[in-house]
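In case you want the letters, here they are:
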Amino acid sequence: MLKGKKILLGISGSIAAYKSAMLVRLLIKAGAEVKVILTPSATQFVAPLTLSTLSKNDTYSALSTDETWSNHVMLGRWADIMLIAPLSCNTLSKMAAGACDNLLMAVYLSSICKVVVAPAMDEDMWLHPSTQKNIETIKTFGNEVIPVGNGELASGLTGPGRMAEPEHILQWLIQYFEINQDLLHKKVMITAGPTYEKIDPVRFIGNYSSGKMGIALADECKRRGATVTLICGPISQHIPAGVETIHVESADEMYAACHQLFPQTDIAIFSAAVADFKVKQQSNEKIKKTDTQSFVLELERNKDILQSIGAIKQAHQLVIGFALETQNETANAQEKLKSKNADFIVLNSLNDKGAGFGHDTNKITIFDKNGDVKAFEQKSKVAVAKDIINTIINFTHV
Ligand code: CTP
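Every chain's residues receive numbers from 1 upward, in the order its sequence appears when written. Only residues with pLDDT of at least 70 are given local features in this predicted model, and only at 80 or more are side-chain atom pairs given and counted; all residues enter the totals for whole chains, interfaces and linings. Hydrogens and waters are ignored; side-chain quantities use all the structure's heavy atoms.

**A word on the sheet that holds strand 5 (residues 114-119)**
Right, on to step 1. Ordered in space as 3-2-1-4-5-6, the six strands form an open sheet in which the pairing is parallel. Each edge of the open sheet is held by one strand with a lone partner, namely strand 3 (59-60) and strand 6 (144-145).
Right, on to step 2. Two strands qualify as a pair provided that DSSP identifies no fewer than 2 bridges between them. Helical segments are the DSSP runs of H or I of at least four residues, strand segments are the runs of E of at least two, and each set is numbered from the N terminus. Alignment of strand 4 (residues 81-87) against strand 5, held across five bridges, turns out to be parallel. When the bridges of strand 5 are listed, Leu83 appears paired with Val116.

Written as structure tokens, this is what we have:
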């Protein structure tokens, strides 16, 4: 079930720490390798000797002793996942603030793996606005939270705040590892949304792109373990936690952000609807109407971001573009594949109902640089994102 998975268990000071011994036993029985870090106060609730016996490994609780220094970076890098259970109110607040006053916090801050927490505290502490705010804050860092249970608490009160039961935590981990982490350690950048090309301080040229396709792709890549950066034009959609976002407005700003990020990128996906033209002479003052019946705005070409990235792409990097067509779809998509030196072009036709801007669904055909073509049914943008990522991954495995 968890065979060969390396689990770093952090235990903080809570009465629920007594359940950690059972948790370690379950993890070991499921085939995991377990190393345990305790905060100094956790050692008052559960004995390190118990945990080292059950985990068949040393336990760690101090950054250094007189003779040795615990290598927090290596502990963080060793793990496939870091599980903090129980997570006390105090350790939660340190995670939200980035405080580093013990070994557990040093490992948390330097870890590069997924971090999941199982909070445990009394009902009133759990419901306090600062605790709830801290939980939301650590979720925005990409950490996952196993919900607290409802029931009898150490105070004698009954309510929310109980740490999830060890069996429940075990099931969470099994499910987590069942999802394919096939983009682990990969860096993905995704452009999304429209660009706004400024006319004057109150007007712009834009388009109807919602950014939904790019966000679905970002979420899917993150779920598969990638480090994801979304370079996003003006949109009103919610961006999932754990996706770093660079907000831009114009095509020029998007171009600059893409070129800054691309050298460190493994996979670049261009789903933004970039304006092809910008206003040649932007006005710093609001343009007033005159008595004339027409008004001419001179436009000039924007740089083609995808094409400029395709031109500098290295052999280990994959570049994926989109094409939104209304006619000669296949010929146009194949032309874009070549002219932009992309590895894939994802075609969506405006002739298909439910495809394109604003919809929650899309219907795509993927063209790859080896000449393969794959058509898909109309699906939700979330399901389309899975199809696109599966196609990319299968391509790299051939
Ligand atoms: N693209 C880009 N920078 C631009 C224009 C487009 O990165 N300045 C990217 C889009 O994000 C998309 C692909 O290029 O991945 C679309 O190609 P494009 O030639 O712009 O498509 P259309 O605008 O539909 O082209 P055309 O006007 O020729 O139909």
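There's plenty left to go through after this.
**Side note on the packing of helix 1 (residues 20-29) against helix 8 (residues 166-178)**
Right, on to step 1. Each axis is a line fitted through C-alpha atoms, and for a helix only the stretch in contact is used; angles between axes span 0 to 180 degrees, taken between their N-to-C directions. Direction vectors running N to C along helix 1 and helix 8 enclose 40 degrees, while the axes themselves pass 9 Å from each other. The orientation of helix 1 relative to helix 8 falls into the category oblique. Helix 1 and helix 8 meet at a crossing whose hand is right-handed. Residue-level inspection shows Met22, Leu23, Leu26 and Leu27 of helix 1 in contact with helix 8, the latter providing Pro166, Glu167, Ile169, Leu170 and Leu173.
Right, on to step 2. Partitioned by chemical class, the residues of the contact of helix 1 with helix 8 number eight nonpolar, no polar and one charged. The scheme is simple: roughly parallel for angles under 35 degrees, roughly antiparallel for over 145, roughly perpendicular for 65 to 115, oblique for anything else. The crossing is said to be left-handed when, going from far helix to near helix, the turn is anticlockwise and less than a right angle, and right-handed when the turn is clockwise. Residues are treated as being in contact if the distance between any of their heavy atoms lies within 4.5 Å. Ten residues, namely Ala, Val, Leu, Ile, Met, Phe, Trp, Tyr, Cys and Pro, are considered nonpolar, four, namely Asp, Glu, Lys and Arg, are considered charged, and the remaining ones, Gly among them, are considered polar.

**Brief notes about the pattern of salt bridges**
Oppositely charged side chains can pair when the atoms bearing their charge come close.
Right, on to step 1. One side-chain nitrogen of Lys or Arg within 4 Å of one carboxyl oxygen of Asp or Glu is enough to make a salt bridge. The final tally for this structure, using the stated rule, is 18 salt bridges.
Right, on to step 2. As a salt-bridge pair, Glu298 and Lys280 come within 3.5 Å of each other at their nearest N and O atoms. With Glu298 in the loop between strand 15 (277-279) and strand 16 (299-301) and Lys280 in the loop between strand 15 and strand 16, this residue pair connects regions lying 18 residues apart in the sequence.
Right, on to step 3. Across the pair Glu325 and Lys336 runs a salt bridge whose closest N-O atoms are separated by 2.5 Å. Taken together, the residues Glu325 in strand 17 (residues 318-325) and Lys336 in helix 12 (residues 329-339) connect sequence positions 11 residues apart.
Right, on to step 4. Residue exposure (1.4 Å probe, protein chains only): buried if accessible area is under 20% of the type maximum, exposed if over 50%, otherwise partly exposed. Here Glu325 falls in the buried class, since its relative accessible area comes to 8%.
Right, on to step 5. Here the salt bridges share partners, and the residues they tie into one network are Asp182, Glu220, Arg223, Arg224 and Lys386.

**Examining the site of the ligand**
Right, on to step 1. Among the 13 residues in the neighbourhood of the ligand, the closest are listed as Phe270, Ala272, Leu306, Phe322 and Lys340.
Right, on to step 2. In the environment of the ligand, an oxygen atom lies 2.6 Å from a nitrogen or oxygen atom belonging to the backbone of Phe270.
Right, on to step 3. Protein contacts shield 74% of the accessible area of the ligand, which totals 570 Å² for the unbound molecule.
Right, on to step 4. Those elements giving two or more residues to the shell around the ligand turn out to be helix 11 (305-310) and strand 17.
Right, on to step 5. The element that contributes the greatest number of residues to the shell around the ligand is strand 17, accounting for three residues.
Right, on to step 6. When the residues that make up the shell around the ligand are grouped by side-chain class, the tally is seven nonpolar, one polar and five charged. Throughout this document, a residue counts as near a molecule or strand when at least one of its heavy atoms sits within 4 Å of that molecule or strand. A 3.5 Å cut-off defines polar contacts: any pair of N or O atoms within that distance qualifies, except that in protein one atom must be a possible hydrogen donor and the other a possible acceptor, and neighbouring residues in sequence count only when both atoms are side-chain atoms. Accessibility throughout is a Shrake-Rupley quantity obtained with a 1.4 Å probe, and a residue counts as covered only by protein chains that appear here.

**What about the packing of helix 1 against helix 2 (residues 48-55)?**
Right, on to step 1. Close contact between helix 1 and helix 2 brings their axes to 9 Å; oriented N to C, the two are set at 10 degrees. In terms of orientation, helix 1 lies roughly parallel with respect to helix 2. Note on element contacts: helix 2 touches helix 1 through Thr50, Leu51, Leu54 and Ser55, opposite Ser20, Ala21, Val24, Arg25 and Ile28.
Right, on to step 2. Looking at side-chain class alone, the contact of helix 1 with helix 2 contains five nonpolar, three polar and one charged residues.

**Digging into the side chain of Asn143**
Right, on to step 1. Position of Asn143 relative to the elements: it lies in the loop between helix 7 (129-140) and strand 6.
Right, on to step 2. At 2.9 Å, the side chain of Asn143 forms a polar contact with the side chain of Tyr108.
Right, on to step 3. Of note is the side chain of Asn143, whose polar atom sits 3.2 Å from the backbone oxygen of Ile138.
Right, on to step 4. Ignoring any residue separated from it by four or fewer positions in sequence, one finds Asn143 in contact with Met95, Tyr108, Val115 and Ile138.

**A word on helix 4 (residues 89-97)**
Right, on to step 1. Looking at helix 4, one finds that the buried residues are Thr91, Leu92, Lys94, Met95 and Ala96.
Right, on to step 2. Looking at the buried side of helix 4, the elements it contacts are strand 4, helix 5 (103-110), strand 5 and helix 7.
Right, on to step 3. Downstream of helix 4 by a residue or two, Gly98 has a phi angle that is positive, lying close to 80 degrees.

**Things to note about unusual backbone geometry**
Right, on to step 1. A cis geometry characterises the amide bond from Ala85 onward to Pro86, with omega recorded as 0 degrees.
Right, on to step 2. Its identity is not glycine, yet Lys56 carries a phi of approximately 60 degrees, on the positive side.
Right, on to step 3. Looking at the element boundaries, Lys56 is found in the loop between helix 2 and strand 3.

**Regarding a nonpolar patch on the surface**
Right, on to step 1. Among the surface-exposed residues, Phe277, Phe295, Leu297 and Leu299 lie close enough to one another that they form a single nonpolar patch of about 370 Å² accessible area.
Right, on to step 2. Tracing the backbone shows Phe295 in the loop between strand 15 and strand 16. Only residues whose relative accessible area exceeds 30% and that form no salt bridge are eligible for patches; like-charged ones are grouped when within 9 Å, while nonpolar side chains (Val, Leu, Ile, Met, Phe, Trp, Tyr) are grouped when within 5 Å.

The values reported here are purely geometric and, on their own, carry no functional implication.
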